[in-house]
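# Close look at the chain arrangement
Chain by chain, the residues:
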Amino acid sequence: MIKHAQQVAVAGPVDMAESPSISPDLAADEHIAPAPRVSIQAFCETVETAAAVQAAGDDRRLAKAHLKIQMGGAAAASEAYRSSPTPNVILIESESRAEQLLENLDQLAEVCDPGTRVVVVGRINDVTFYRELTKRGVSDYLIAPVGTIDIVRAVCGLFSQTDAKPVGRILAVVGAKGGVGASTVAHNVGWAIARDLALDAVVTDLDLPFGTAGLDFNQDPPQGIADAVFSPDRVDTAFIDRLLSKCTDHLSLLAAPATLDRVYDFNAEAFDGVLDALRTNIPCIVLDVPHQWSAWTKRLLVSADDILVVASPDLANLRNAKNIVDILKAGRPNDHRPYYCLNQVGVPKRPEITPADFAKALEDDPVAVIPFEPQLFGTAANNGQMIAEMSSNHKTAELFRQIAQVLTGRAEVKRSRSALSALPFLGKLMKKA
Ligand SMILES: Nc1ncnc2c1ncn2[C@@H]1O[C@H](COP(=O)(O)OP(=O)(O)O)[C@@H](O)[C@H]1O
Ligand SMILES: [Mg+2]
């Protein structure tokens, strides 16, 4: 900063007309791209800010960053860097008055490396002061009190280029059990996002041995996700681009090999490179996540921007959906909770758990309740077509459009009045939570 500040821009918009206030939580359609592998050191003055920074460090978007927090504010920072190099980001909290804070920042500038970005959390809400900060090359200024998501937003904002294309948003779709139609839903929703919302999207089939995305889109590409995940050193945007097969104007497929000549045991980070590459130039990435609980599936779900759990209306699905939703809610405290939909509802003669009971146990309404229609879905699958391609006006095609809108932040879940449950097991499930 300072002496080297010419090129440093102000990262976050600061509306000085606003009175100091806690920024609202993450808006439904707000997208904060994760920060790269950077080092962050925070020098706080209040426990409240230290706690917010600590919680931000646990946010999925800062999972790759290294964060250290200490108390002592700007003075401690200048002291700390007298003899050691500065990290990528320094966050300074100061309760001081303007002159004092600016003086402290000038001292810090003496020992600050050129590439280091400085974010300041202060109590002063004044345009002249703000100009002084900008002049000194401070990257962002937040007015205390700050919430966790404010810190996440500010730090991630330092590394997302504003002139770059929109950064991709990841929607992970997973089944509460195998065979519930999670892949079918993922493919149809991906198709609707591309067709009806005209967003460039890619369906990524993560069921490497048995995935059906190729069949469902009537594609048999020679290359796909296996080429990327088994040669991580080659993965970059251009390489991934060549592995995509085009389905429609806006939709591509990153297909699974669906062959069994090798086995597919992945470590937790196996897909990180692929997703980072996809994210750089595709606005919407739909992950078809197989029904399994392993280090890599858990990591994909926790790190997704949004999650859709697909469940069929029986007890095992209800239990699993609740467990998945609960653990992901806990692992993503600053995000929207996972969405869920019911699928294959209304199988003749089958006793089913009602959507109202699901809503009660999961404490949320489903984004959609998709009926069991073996004729329609069977024909679509056998023809390698989406439901909307067979019959665009069909009610079920409309449901997929609705899910696409909710998952891309263009609509809200239609709320129902969930009736009180008469089922005894619900009490047990709720208590466990
Ligand atoms: N609403 C539905 N009505 C009838 N059949 C369905 C429905 N949804 C999915 N299916 C069928 O269920 C089977 C399993 O679907 P799939 O998407 O592969 O499940 P999963 O990915 O959860 O294992 C497929 O044959 C699919 O066509
Ligand atoms: Mg599947």
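Our structure is the block above this text.
### Digging into the overall build of the protein chain
In terms of helices and strands, the protein chain carries 17 helices and 13 strands. Looking at the protein chain as a whole, 51% of its 433 residues are labelled buried. A separation threshold of at least 6 residues defines the contact pool for the protein chain, and within that pool the share at least 24 residues apart is 79%. When the accessible surface of the protein chain is split by element, carbon and sulfur atoms take 51% of a total near 20,000 Å².

### Re the environment of alanine 381
Within the secondary structure layout, alanine 381 lies in helix α14 (residues 374-383). For the pair alanine 381 and leucine 215, spaced 166 residues apart in sequence, the C-alpha to C-alpha distance is 7.5 Å.

### Remarks on helix α4 (residues 127-135)
By the burial criterion, the buried members of α4 are Phe129, Tyr130 and Leu133. Down the axis of α4, the buried side of the element spans an arc of 100 degrees, and every buried residue falls inside it. The outward face of α4, more than 90 degrees from its buried face, is lined by the exposed residues Arg131 and Lys135. Turning to α4, the residues buried within the fold contact α3 (98-111) and β5 (140-143). One side-chain oxygen of the residue at the start of α4 lies 3.2 Å from the amide nitrogen of threonine 128, identifying that residue as aspartate 126.

### Notes on the sheet that holds strand β1 (residues 39-44)
Across the sheet, five strands lie side by side as β2-β1-β3-β4-β5; this open sheet has parallel pairing. For this open sheet the edge positions go to β2 (66-71) and β5, each flanked by a neighbour on one side alone. Ignoring which end each strand starts from, the neighbouring axes of this sheet average 15 degrees apart. As defined by bridge partners, β1 adjoins strand β3 (residues 89-93) across four bridges and the pair is classed as parallel. Looking at β3, one finds that alanine 42 is bridged to leucine 91. Sheet strands in contact with helix α5 (residues 148-157) are β1, β3 and β5, and its direction is about 170 degrees off that of β5.

### Some words on the nonpolar core
Counting residues in each nonpolar core, the largest one holds 48 residues, and the members touching the most others are Phe271, Leu278, Leu287 and Val309. No other element matches the five residues that helix α12 (residues 315-331) contributes to this core. If we ignore the near neighbours within four places in the chain, the residues touching valine 309 are Val174, Ala176, Ala321, Ile324, Val325, Pro338, Tyr339, Tyr340 and Cys341. If you look at the next biggest cluster of nonpolar residues, it comprises 43 residues, including Leu171, Leu199, Leu308 and Ala380.

### Notes on α5
Within α5, eight of the 10 residues are buried, leaving the element largely enclosed by the surrounding structure. Where α5 is concerned, the buried positions are Thr148, Ile149, Asp150, Ile151, Val152, Ala154, Val155 and Cys156. Looking at the buried side of α5, the elements it contacts are β1, α1 (47-57), β3 and β5.

### Notes on the sheet that holds strand β9 (residues 251-254)
On the basis of which strands lie adjacent, the open sheet formed by eight strands has the order β8-β9-β7-β10-β6-β11-β12-β13 and mixed pairing. Pairing within the sheet leaves two strands with one partner each, and these edge strands are β8 (245-246) and β13 (369-371). Note: strand β7 (residues 201-205) against β9, four bridges, orientation parallel. Opposite alanine 201, over in β9, you have leucine 251 as the bridge partner. Here α12 sits on the sheet in contact with β6 (169-175) and β11 (306-311), set at roughly 170 degrees to β11. Contacts between helix α13 (residues 355-362) and the sheet are confined to β11, β12 (339-345) and β13, with β12 contributing the most and set at about 155 degrees to the helix.

### As for the side chain of serine 94
Locating serine 94 in the fold gives a position in the loop between β3 and α3. Within the structure, serine 94 has its side chain in polar contact with the backbone nitrogen of serine 96 (distance 3.1 Å). Non-local contacts of serine 94, meaning those with residues more than four positions away in its chain, are made with Glu45, Leu101, Val121, Gly122 and Arg123.

### Re the packing of aromatic side chains
Applying the stated criterion across every chain, the model contains 10 aromatic pairs. Centre to centre, the rings of phenylalanine 271 and tryptophan 296 are 4.9 Å apart; their planes meet at 40 degrees, and the pair counts as tilted. Here phenylalanine 271, found in the loop between β9 and α10 (272-281), pairs with tryptophan 296, found in helix α11 (residues 295-303); they are 25 residues apart in sequence, far enough to count as distant. For the pair phenylalanine 271 and tryptophan 296, one class covers both residues: buried. Between phenylalanine 377 and phenylalanine 400, the aromatic rings sit 6.4 Å apart at their centres with planes inclined by 70 degrees, giving edge-to-face as the arrangement. With phenylalanine 377 in helix α14 and phenylalanine 400 in helix α16 (residues 395-407), this residue pair connects regions lying 23 residues apart in the sequence. Each of the two residues, phenylalanine 377 as well as phenylalanine 400, counts as buried. Ring pairing ties together the aromatic residues Phe230, Tyr264, Phe266, Phe271 and Trp296, which thus form one cluster.

### So, the packing of helix α6 (residues 182-196) against α16
Their axes nearest at 8 Å, the elements α6 and α16 cross at an angle of 75 degrees. The angle between the axes of α6 and α16 places the two elements in the roughly perpendicular class. Counting all contacts with α6, which are made through Val185, Asn188, Val189, Ala192, Ile193 and Asp196, the residues of α16 involved are Phe400, Arg401, Ile403, Ala404 and Leu407. Considered class by class, the residues forming the contact of α6 with α16 number eight nonpolar, one polar and two charged.

Calculation rules
- Residues numbered from 1 in each chain as written.
- Chains lettered and ligands numbered in written order.
- Predicted model: local features only at pLDDT ≥ 70, side-chain atom pairs only at ≥ 80, totals over all residues.
- Heavy atoms only, no water.
- Helix = DSSP H or I, 4+ residues; strand = E, 2+ residues; numbered from the N terminus.
- Buried < 20%, exposed > 50% of the residue type's maximum accessible area, 1.4 Å probe, protein only.
- Contact = heavy atoms within 4.5 Å.
- Areas by Shrake-Rupley, 256 points an atom, 1.4 Å probe, with all protein chains shown as cover.
- Arc of directions from axis to C-beta.
- Polar contact = N/O pair within 3.5 Å; in protein donor to acceptor, adjacent residues only side chain to side chain.
- Pairing = 2+ DSSP bridges.
- Axes fitted to C-alpha atoms, helices over the stretch in contact; angles between N-to-C directions.
- Core = buried A, V, L, I, M, F, W, Y, C linked by side-chain atoms within 4.5 Å.
- Phe/Tyr/Trp six-rings, centres within 6.5 Å; stacked < 30°, edge-to-face > 60°.
- Parallel < 35°, antiparallel > 145°, perpendicular 65-115°, else oblique.
- Nonpolar A, V, L, I, M, F, W, Y, C, P; charged D, E, K, R; others polar.

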